[in-house]
Amino acid sequence: MHAKNRISSSGHSTPSPPASPLRSPRYRHGRKPGRFSPFQPGRTVAHHVAWLLLSVLLRRQGIFLFAPLIYISGMLLYMGTVSFDVVPLVKHRPAPGSVYRSTQVYEKLKIEMNEDYSSADAILTIWKNSYKGGEWRPCVNKPSEEANGGLNQQRTSICNAVAVAGYLNATLLIPNFHFHSIWRDPSKFKDIYDEDYFISALENNVQVVDKIPEYIMERFDHNLTNVYNFKIKAWSSIQYYRDEVLPKLLEEKIIRISPFANRLSFDAPPVVQRLRCLANYEALRFSSTILSLGETLVARMKKLSANTGGKYISVHLRFEEDMVAFSCCVFDGGEQEKEDMKNARERGWKGKFTKPGRVIRPGAIRINGKCPLTPLEVGLMLRGMGFGNNTYIFLASGKIYNAEKTMAPLLDMFPNLQTKEMLASEEELAPYKNFSSRMAAIDYTVCLHSEVFVTTQGGNFPHFLMGHRRYLFGGHSKTIRPDKRKLALLFDNPNIGWKSFKRQMLNMRSHSDSKGFELKKPVDSIYTFPCPDCMCRTNKSANSGSSSAT
């Protein structure tokens, strides 16, 4: 055997394994004393162990994969900034306007508010703007069923029924009111409205009767529930009644329409709108007993507020237990409020709010301005708008939730606040006390004649009042409609100052004044916007095509 020549005849080298890498001089030779030494004076045993572990790991080639982690851990240990038995948490701040903090805002503003005498009382200066379009006057044209809901939902049904009956040239039976599990009022039409006056006011337009002739009722065993009930879709056009309902009426001779609220479109021809106007503003007059007591309370309010020329504010406060429960908003009543609202929802709506998959977000409801204003918030708003603590307020409301607590701040800000229960004697109210619709009719009358009407939650009651007040006050609603989304943000800021808060409230009041004159748009309610269908301009030179008089 011959040994192979390590150098080929061609002159090229053959592949050979690479030489072992040289070790760093730092590790081949001894370290200089004191340099990179873990054994320096003042170091603890933990520091010495850490440095020794680090030096061992650095001898291994794979250490560079873990070098960043080891470096950070070593630095944190060296600096002593980590405690391994504590887990830090990130706490998210609630969205602005989502939490009820009005109580803190009240405590913050109370002293400055009570010391503010910088401006004239708003009750004497409100609605002083002039309007180029002139005023309006009532001009309802008087040419030669069943109703459901509360007082003003029933009113909608009645007016719709009058309009449909007149348009179809049909005879109208005095409407029958449904008994509702929430309002629980068995009142009949004549218990709330003047039935004879209603019939006579409509006699040239719609024939109205208080009972059906016997020969017709015999066909139905004298039972109205046996009469054919025509189900109408919400907001149906008057043409639908002509094309679909009239043929059935001619066939059956008598039909029922139940329910009737919101079953007729607001966008209707003038002849239909005039019939609605006639029914709402002329024919529907409260019964003589309700009207008499209501006018008596108006007189008493004007007498009490003689120092301001008999001018008073009326506030529709929707802070009854059922309203608070239905809103699903959270206030400052804690666990007791939570339990009360849970029970109220189950009593009134039986499972509606506990359906599988239903998610309720109280914070989002508040941000969107859907929560009912509390008495405290109403008081702060009105004081910010310039109404002094000597202002007389008439409060229209049912039984306020947790009234002893929730009403205290409002009474502190406005000690001259009155309710129908405070103005009338027990004997005067006795015939109406157990009938929610009749009590609402009394409230309606006193609110109708106030200098300022304040709505806090929406609904049929304030919408009808705004329209009725426009009808009485030259086309202006004289109503304060607060921007509740903006209020949610302001009441969520305990650091706000009185001057800033007051400036915001005065702007809000001014906006309500400028929106007081508005014309009805096609989709608007004629019961809220009576101009121009139920009213005529006194100034004919104004542009009748504008959406509001300014």
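Predicted model only: the values in this text are computed from it and were never measured.

A.B. asks: Would you explain the overall build of the chain in this entry?
C.D. replies: If you tally the helices and strands in the chain, you get 24 helices and 11 strands. Burial status across the chain gives 45% buried among its 550 residues. Accessible surface, the chain: about 30,800 Å² in total, of which carbon and sulfur atoms supply 55%.

A.B. asks: So what exactly am I meant to see when it comes to the sheet that holds strand β6 (residues 313–316) here?
C.D. replies: As a general point, the strands of a sheet are linked pairwise by backbone hydrogen bonds and lie either parallel or antiparallel. Pairing in this open sheet of 5 strands is parallel, and the strands run β8-β7-β6-β9-β10 from one edge to the other. The sheet is open, and its two edges are formed by β8 (417–418) and β10 (479–480), each paired on a single side. Of the strand pairs in this sheet, β6 and strand β9 (residues 452–455) are connected by 4 bridges, and their pairing is parallel. Within the sheet, the bridge partner assigned to His316 lies in β9 and is Thr455.

A.B. asks: Any chance you could explain helix α12 (residues 288–304) here in plain terms?
C.D. replies: Since the α-helix advances by 3.6 residues per turn, residues separated by three or four positions end up pointing in the same direction. An ideal rise of 1.5 Å per residue puts 24 Å on 17 residues; α12 measures up with 24 Å between its terminal C-alpha atoms. For α12, every residue scored as buried is listed here: Ile290, Leu293, Gly294, Leu297, Val298 and Met301. For α12, the buried positions fall inside an angular range of 145° around the axis, keeping them on one side. Exposed residues lying more than 90 degrees from the buried face of α12 are Ser288 and Lys303. Looking at the packing, one finds that the buried side of α12 touches α7 (189–192), β7 (393–396), β8, α19 (420–423), α20 (426–429) and α21 (436–448).

A.B. asks: Just checking my understanding: could you explain the pattern of salt bridges for this structure?
C.D. replies: Two side chains bearing opposite charge may form a pair once their charged atoms approach each other closely. Applying the stated criterion to the full structure yields 16 salt bridges. Arg347 is paired through a salt bridge with Glu321; the nearest N and O atoms lie 2.8 Å apart. Here Arg347, found in helix α14 (residues 334–349), pairs with Glu321, found in helix α13 (residues 321–327); they are 26 residues apart in sequence, far enough to count as distant. In this structure, Asp332 engages Lys405 in a salt bridge whose closest nitrogen and oxygen atoms are separated by 3.7 Å. Taken as a pair, Asp332 in the loop between α13 and α14 and Lys405 in helix α17 (residues 403–406) lie far apart in primary sequence, 73 residues in all. Asp332 gets classed as partly exposed once you look at its relative accessible area, which sits at 38%. Since its relative accessible area comes to 41%, Lys405 is described here as partly exposed. Overlapping salt bridges, with partners in common, bring together Lys248, Glu251 and Glu252 in one network.

A.B. asks: Quick question: what am I supposed to make of the environment of Gln504 here?
C.D. replies: Relative to the elements of secondary structure, Gln504 occurs in helix α24 (residues 498–514). A sequence separation of 119 residues divides Gln504 from Met385, and the C-alpha atoms of the two residues are 8.5 Å apart. Once residues within four sequence positions are removed from consideration, Gln504 is found in contact with Lys486 and Leu490.

A.B. asks: Would you mind going over the nonpolar core with me for this structure?
C.D. replies: Here is a general trend for soluble globular proteins: nonpolar side chains tend to be buried in one another's company. By size, the foremost hydrophobic cluster in this structure holds 75 residues, and its most contacted members are Tyr193, Phe198 and Tyr241. Those elements that provide at least two residues to this core are α6 (151–168), α7, α10 (238–252), α11 (270–283), α12, β7, α21 and α22 (460–472). Counting the residues that make up this core, at least three belong to each of domain 1 (101–137 + 287–537) and domain 2 (151–282). Contact partners of Tyr193, with chain neighbours within four places excluded, come to Leu151, Arg155, Ile158, Phe177, Leu284, Arg285, Phe286 and Ser287. One finds Ala325, Leu373, Leu376 and Phe491 within the second-largest nonpolar core, a separate group that totals 51 residues.

A.B. asks: I keep staring at the state of the cysteines and nothing clicks. Help me out?
C.D. replies: Disulfides are covalent bonds that link the sulfur atoms of two cysteine residues. Scanning the model with the defined rule gives 3 disulfides in all. Note on cysteine connectivity: Cys277 is disulfide-linked to Cys534, with sulfurs 1.8 Å apart. As the torsion about the S-S bond is roughly -65°, the Cys277-Cys534 disulfide counts as left-handed. Taken together, the residues span a long stretch of sequence, with Cys277 in helix α11 and Cys534 in the loop between α24 and β11 (535–537) at a distance of 257 residues. Each member of the pair, Cys277 together with Cys534, is buried. Shown here is the disulfide that connects Cys329 with Cys371, its sulfur atoms set 2.0 Å apart. Taking the sign of the torsion about the S-S bond as the criterion, the disulfide between Cys329 and Cys371, at about -100°, is left-handed. Of this pair, Cys329 sits in the loop between α13 and α14 while Cys371 sits in the loop between α15 (362–367) and α16 (375–384), and the two are 42 residues apart along the sequence. Overall, Cys329 belongs to the buried group, its relative accessible area being 2%. Accessibility expressed as a relative area gives 5% for Cys371, which makes it buried.

A.B. asks: Which parts of the structure should I look at to understand the packing of α11 against α22?
C.D. replies: Describing two packed helices takes the angle between their axes plus the distance from one axis to the other. For the pair α11 and α22, the least separation of the axes is 11 Å and the interaxial angle reads 80°. It follows from the interaxial angle that α11 and α22 lie roughly perpendicular. Contact with α11, carried on its side by Asn280, Tyr281 and Glu282, involves Phe464, Gly467, His468 and Tyr471 of α22 and no other residues of that element. Split by residue class, the contact of α11 with α22 holds 3 nonpolar, 3 polar and 1 charged.

Thresholds applied
- Along each chain, residue indices are assigned from 1 in the same order as the chain's sequence is written.
- Only residues with pLDDT of at least 70 are given local features in this predicted model, and only at 80 or more are side-chain atom pairs given and counted; all residues enter the totals for whole chains, interfaces and linings.
- Hydrogens are left out, water is left out, and the side-chain values use all remaining heavy atoms of the structure.
- Think of it this way: any DSSP run of H or I at least four residues long counts as a helix, any run of E at least two long counts as a strand, and we number them from the N terminus.
- Per-residue accessibility, obtained with a 1.4 Å probe over protein chains only, is compared with the maximum for each type, and a residue is labelled buried under 20%, exposed over 50%, and partly exposed between these values.
- To be clear on the numbers: accessible area is Shrake-Rupley with a 1.4 Å probe, and residue cover counts the displayed protein chains and nothing else.
- In this analysis, strands are considered paired if DSSP registers two or more bridges between them.
- The length a helix should cover is 1.5 Å for every residue beyond the first.
- Think of the arc as the fan of directions from the helix axis to the C-beta atoms.
- Whether two residues touch is decided by their heavy atoms; if any such pair falls within 4.5 Å, the residues are in contact.
- Note on definitions: salt bridges are taken to be side-chain nitrogens of Lys or Arg within 4 Å of carboxyl oxygens of Asp or Glu.
- In this text, buried Ala, Val, Leu, Ile, Met, Phe, Trp, Tyr and Cys residues form a nonpolar core when linked through side-chain atoms within 4.5 Å.
- For the domain bounds, the source is a domain assignment made automatically or taken from a database.
- Note on disulfides: each one is a pair of cysteine sulfur atoms within 2.5 Å.
- In this analysis, axes come from line fits to C-alpha atoms, helices being fitted only over the stretch in contact, and the angle between any two N-to-C directions falls in the range 0 to 180 degrees.
- The cut-offs work like this: below 35 degrees is roughly parallel, past 145 is roughly antiparallel, 65 to 115 is roughly perpendicular, and the gaps in between are oblique.
- Residues are grouped as follows: Ala, Val, Leu, Ile, Met, Phe, Trp, Tyr, Cys and Pro are nonpolar; Asp, Glu, Lys and Arg are charged; every other residue, Gly included, is polar.

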